[in-house]
Amino acid sequence: MWWAAAAGVAAVGAGVVLGELAAGLLSPSVSPVTAVGGAVIDAVPPGVKDWAISLFGTADKLALLGGMALVIAALAALAGVLEWRRRFAGLAVIAVFGLVGVAAVLTRAEGSANAVPVPLLAAVLGMVLLRWLIRRLKDWFDAGPAAEGPAAEGPAAEGPADGEPAEVTRREPAGRPARRRFLQSLAVTAAIAGVGGVLASTLRGAAAAVVELRGRLVLPGPASRAQPIPAGAELSLAGLDPLVTPNKDFYRIDTALRVPLVDPHEWKLKVTGLVDHEIELDFDTLLAKPLTERYITIACVSNEVGGDLIGNARWLGWPVRELLAQAGPKPGADMVLSRSADGWTAGTPLEVLTDTRDALLAVGMNGEPLPLEHGFPVRLVVPGLYGYVSATKWVTELKITRFADDVAYWTPRGWSERGPIKTSSRIDVPRAGRSVNAGTVDFGGVAWAQHRGIGKVEVRVNRGEWKQAELAPAISTDTWRQWKLSLPLGPGQYEVQVRATDLDGVPQAEERAPVAPSGATGYHTVTVDVKS
Ligand SMILES: Nc1nc2c(c(=O)[nH]1)N[C@H]1C(S)=C(S)[C@@H](COP(=O)(O)O)O[C@H]1N2
Ligand SMILES: [Mo]
């Protein structure tokens, strides 16, 4: 029993620690353990909170974490014992752990969707390890009277074990290998927990420092305010994505296995290459510039037709064209190769960064400093281009160069050198796979053609006539636009399609194309079941 409890503690410990490690890599602002702790703090009645603060003072957080460690260890020991007694009983306890973690991460405000599966991962690891250890323990036990019995040696130090096998200490070698195998497995699991714990806390410490700097940062107000959102731009139709995407729901795409942790005080942006004056810009200098605030919808080239790798935010930043004007690009230059702290690069046409559009060296997203996952402290946001050729996060260098001389990260990997966003539209209501009642059926969604603007959205049923949808007012040509249309439909199954046309009168491409090399095309098509 004691060995089973030890197995529980080691297995759950390794799972929790690996979960912390995964979270530290994927989403440094969210730790499953801290999320659960935060949920506990929020849930505890004020009286208890005051009592804890008066008891522990400034060590209250440490006390909470210590208390959580004790509770987790106790439950883990219980899971071990239960699993020893009855297969799956302990695993069930760990599964509940995992679900509590998911719930905590989901409800944390600072959360990011990336962190949600992490507690589940931790739980699965804990379950696999526990199952493994208990199987080895059973093997030892089953080696029968020959074995020294799981309770014969080690646990004696921890108190008398009431295991029957302890009495039967016939010292035959048959049980030895099984015993050794169990102890080795337990040691391996404990080592995973130990090494993982050291790595996780190192990572967590570095992340915590940057998270704290970000938390203390107060961004200046904009010199040029965001365009007001016109009345009616957000349609009231349940199931539509919000017009402005909250940061925690914003899609995240990058090659960074570990989110770069950039201290804003150490951040510098170098402007190099074919310029009259090289520039080195630091964070305070950047914040002192007249900043522009704009709603801009960014999208990923990997967004499938109907996909959700797109989001609209209110960005705050310094127009890149002003920085480039100070640097003075030399004749012949046609590309800006932007580089991130972790070495990723994007190649953006120089003309796009010097024309009148609001390409920003952004520091703010929806009224906050950039989230770590979205490029803290500084990133590029360029209306009209897919992210892979423009939206460099954690940006540290702009090299003015020529497409003939430099290649960006994705270009040799099967993606086109230039990446203008293709006019597209999506049906969000009714949600796929959901059936609706016959009568008047509401359809709705979004359409985008950044920097050209959406002029028209049409819907057709069963390849019939295109019917014009109602278009919500646009925030600007750089943002997506919501649409809706009500159609009378009797019972049956229907194929519904949408297409958008930009303000130049060019409709989106009908021909289906995959995401590579330059973005998917084709009409978003959904099948709708109408019930009588
Ligand atoms: N440093 C860095 N910046 C990057 C990327 C990357 O891999 N590394 N990916 C780009 C891609 S492909 C997209 S679509 C956008 C996504 O930005 P988001 O994660 O803030 O939504 O970031 C861009 N900026
Ligand atoms: Mo992307």
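As the structure is a prediction and not an experimental result, all values here were calculated from the model.

S.K.: Before we move on, could you go through the pairing of strand 17 (residues 481-489) and cite the residues and values that matter?
M.R.: Where strand 13 (residues 439-448) and strand 17 come together, 9 bridges link them in antiparallel fashion. Pairing of valine 446 across the sheet is with glutamine 482, part of strand 17. With 2 bridges connecting them, strand 16 (residues 470-471) and strand 17 associate as antiparallel partners. By the bridge assignment for strand 17, leucine 471 is matched with tryptophan 483.

S.K.: Mind laying out the sheet that holds strand 16, listing which residues take part and the relevant values?
M.R.: Spatially, 11-13-17-16 is the arrangement adopted by the 4 strands of the open sheet, whose pairing is antiparallel. Two strands lie at the open edges of the sheet, namely strand 11 (424-429) and strand 16, each paired on one side alone.

S.K.: Lay out the site of ligand 1 in plain terms, naming residues and giving numbers.
M.R.: In the vicinity of ligand 1 there are 19 residues, among which Tyr251, Thr255, His374, Arg379 and Lys393 approach most closely. Residue threonine 255 places a main-chain N or O atom 2.8 Å away from an oxygen atom belonging to ligand 1. In the model, an oxygen atom of ligand 1 is placed 2.7 Å from a nitrogen or oxygen of the arginine 379 side chain. About the coverage of ligand 1: the protein hides 98% of its 530 Å² of free accessible area. Residues belonging to the shell around ligand 1 are distributed by class as follows: 9 nonpolar, 5 polar and 5 charged.

S.K.: Mind laying out the packing of helix 1 (residues 2-26) against helix 6 (residues 118-142), listing which residues take part and the relevant values?
M.R.: One way to put it is that helix 1 packs onto helix 6 with a least axis distance of 8 Å and a crossing angle of 155°. Compared by their axis directions, helix 1 and helix 6 come out roughly antiparallel. Handedness of the crossing formed by helix 1 with helix 6: right-handed. Classifying every residue of the contact of helix 1 with helix 6 gives 20 nonpolar, 4 polar and no charged.

S.K.: Account for a nonpolar patch on the surface, naming residues and giving values.
M.R.: Together, Val48, Trp51, Leu55 and Phe56 make up a nonpolar patch on the protein surface, roughly 410 Å² of accessible area in all. By secondary structure assignment, the location of phenylalanine 56 is in helix 3 (residues 46-56).

S.K.: Report on the side chain of arginine 131, specifying residues and quantitative values.
M.R.: Note that arginine 131 resides in helix 6. Taking the relative accessible area as the measure of exposure, arginine 131 reaches 16% and is therefore buried. Of the polar contacts made by the side chain of arginine 131, one reaches the side chain of glutamate 83; its length is 2.4 Å. In contact with arginine 131, other than residues within four places in its own chain, are Glu83, Arg87 and Leu91.

S.K.: Would you mind going over the domain arrangement of the protein in detail, with residue names and values included?
M.R.: Its domain assignment divides the protein into domain 1 (2-145 + 174-210), domain 2 (247-413) and domain 3 (424-531). Just the C-alpha atoms count here: the centres of domain 1 and domain 2 sit 39 Å apart. Contact residues are listed per partner, giving 16 residues for domain 1 and 10 residues for domain 2. Summing both partners gives a buried area of about 1,100 Å² for domain 1 against domain 2, and 59% of it is carried by carbon and sulfur. When the buried area of domain 1 at its contact with domain 2 is split by residue, Leu25, Pro28 and Val210 rank highest and sum to 45% of it. Across the domain 1-domain 2 interface, the total number found is 0 salt bridges. At the junction of domain 1 with domain 2, the criterion picks out 2 residue pairs in polar contact (both at pLDDT 80 or more). Where the side of domain 1 that touches domain 2 is concerned, the elements lending two or more residues are helix 1 and helix 7 (175-216).

S.K.: Any chance you could break down the nonpolar core for me, citing the residues and the numbers?
M.R.: By size, the foremost hydrophobic cluster in this structure holds 70 residues, and its most contacted members are Leu269, Trp315, Leu361 and Val363. Composition of this core by domain shows at least three residues from each of domain 2 (247-413) and domain 3 (424-531). Not counting residues up to four positions away in its chain, the partners in contact with leucine 361 are Leu269, Leu281, Leu286, Leu316, Gly317, Trp318, Val320, Leu323, Val378, Arg379, Leu380 and Val395.

S.K.: Before we move on, can you summarise the pairing of strand 19 (residues 524-531) with the specific residues and values?
M.R.: With burial as the criterion, only one face of strand 19 is covered, namely that bearing His524, Val526, Val528 and Val530; the residues Thr525, Thr527, Asp529 and Lys531 on the opposite face remain uncovered. Both strand 12 (residues 435-437) and strand 19 contribute to a ladder of 3 bridges, which runs parallel. From the neighbouring strand, asparagine 437 faces strand 19, where its bridge partner is lysine 531. Sheet topology places strand 18 (residues 492-502) next to strand 19; 7 bridges connect them, and they run antiparallel. Counterpart to glycine 492 in the pairing with strand 19 is valine 530.

S.K.: I'd like a rundown of the sheet that holds strand 10 (residues 395-401), residues and numbers included.
M.R.: In spatial order, the strands read 2-1-10-5-6; together these 5 strands make up an open sheet with mixed pairing. Single-partner strands in this sheet number two, and they are strand 2 (279-282) and strand 6 (345-349). The mean angle between the axes of side-by-side strands here comes to 20°, regardless of whether they run parallel or antiparallel. Both strand 1 (residues 268-273) and strand 10 contribute to a ladder of 4 bridges, which runs parallel. Across the sheet, the residue bridging to valine 271 is leucine 398, located in strand 10.

So, how was this worked out
- Residues numbered from 1 in each chain as written.
- Chains lettered and ligands numbered in written order.
- Predicted model: local features only at pLDDT ≥ 70, side-chain atom pairs only at ≥ 80, totals over all residues.
- Heavy atoms only, no water.
- Pairing = 2+ DSSP bridges.
- Helix = DSSP H or I, 4+ residues; strand = E, 2+ residues; numbered from the N terminus.
- Near = heavy atom within 4 Å.
- Polar contact = N/O pair within 3.5 Å; in protein donor to acceptor, adjacent residues only side chain to side chain.
- Areas by Shrake-Rupley, 256 points an atom, 1.4 Å probe, with all protein chains shown as cover.
- Nonpolar A, V, L, I, M, F, W, Y, C, P; charged D, E, K, R; others polar.
- Axes fitted to C-alpha atoms, helices over the stretch in contact; angles between N-to-C directions.
- Parallel < 35°, antiparallel > 145°, perpendicular 65-115°, else oblique.
- Left-handed = near helix turned anticlockwise from the far one by under 90°.
- Patch = residues over 30% accessible without salt bridge, like charges linked within 9 Å, V, L, I, M, F, W, Y side chains within 5 Å.
- Salt bridge = Lys/Arg side-chain N within 4 Å of Asp/Glu carboxyl O.
- Buried < 20%, exposed > 50% of the residue type's maximum accessible area, 1.4 Å probe, protein only.
- Contact = heavy atoms within 4.5 Å.
- Domains from an automatic or database assignment.
- Buried area = accessible area lost by both parts, 1.4 Å probe.
- Core = buried A, V, L, I, M, F, W, Y, C linked by side-chain atoms within 4.5 Å.

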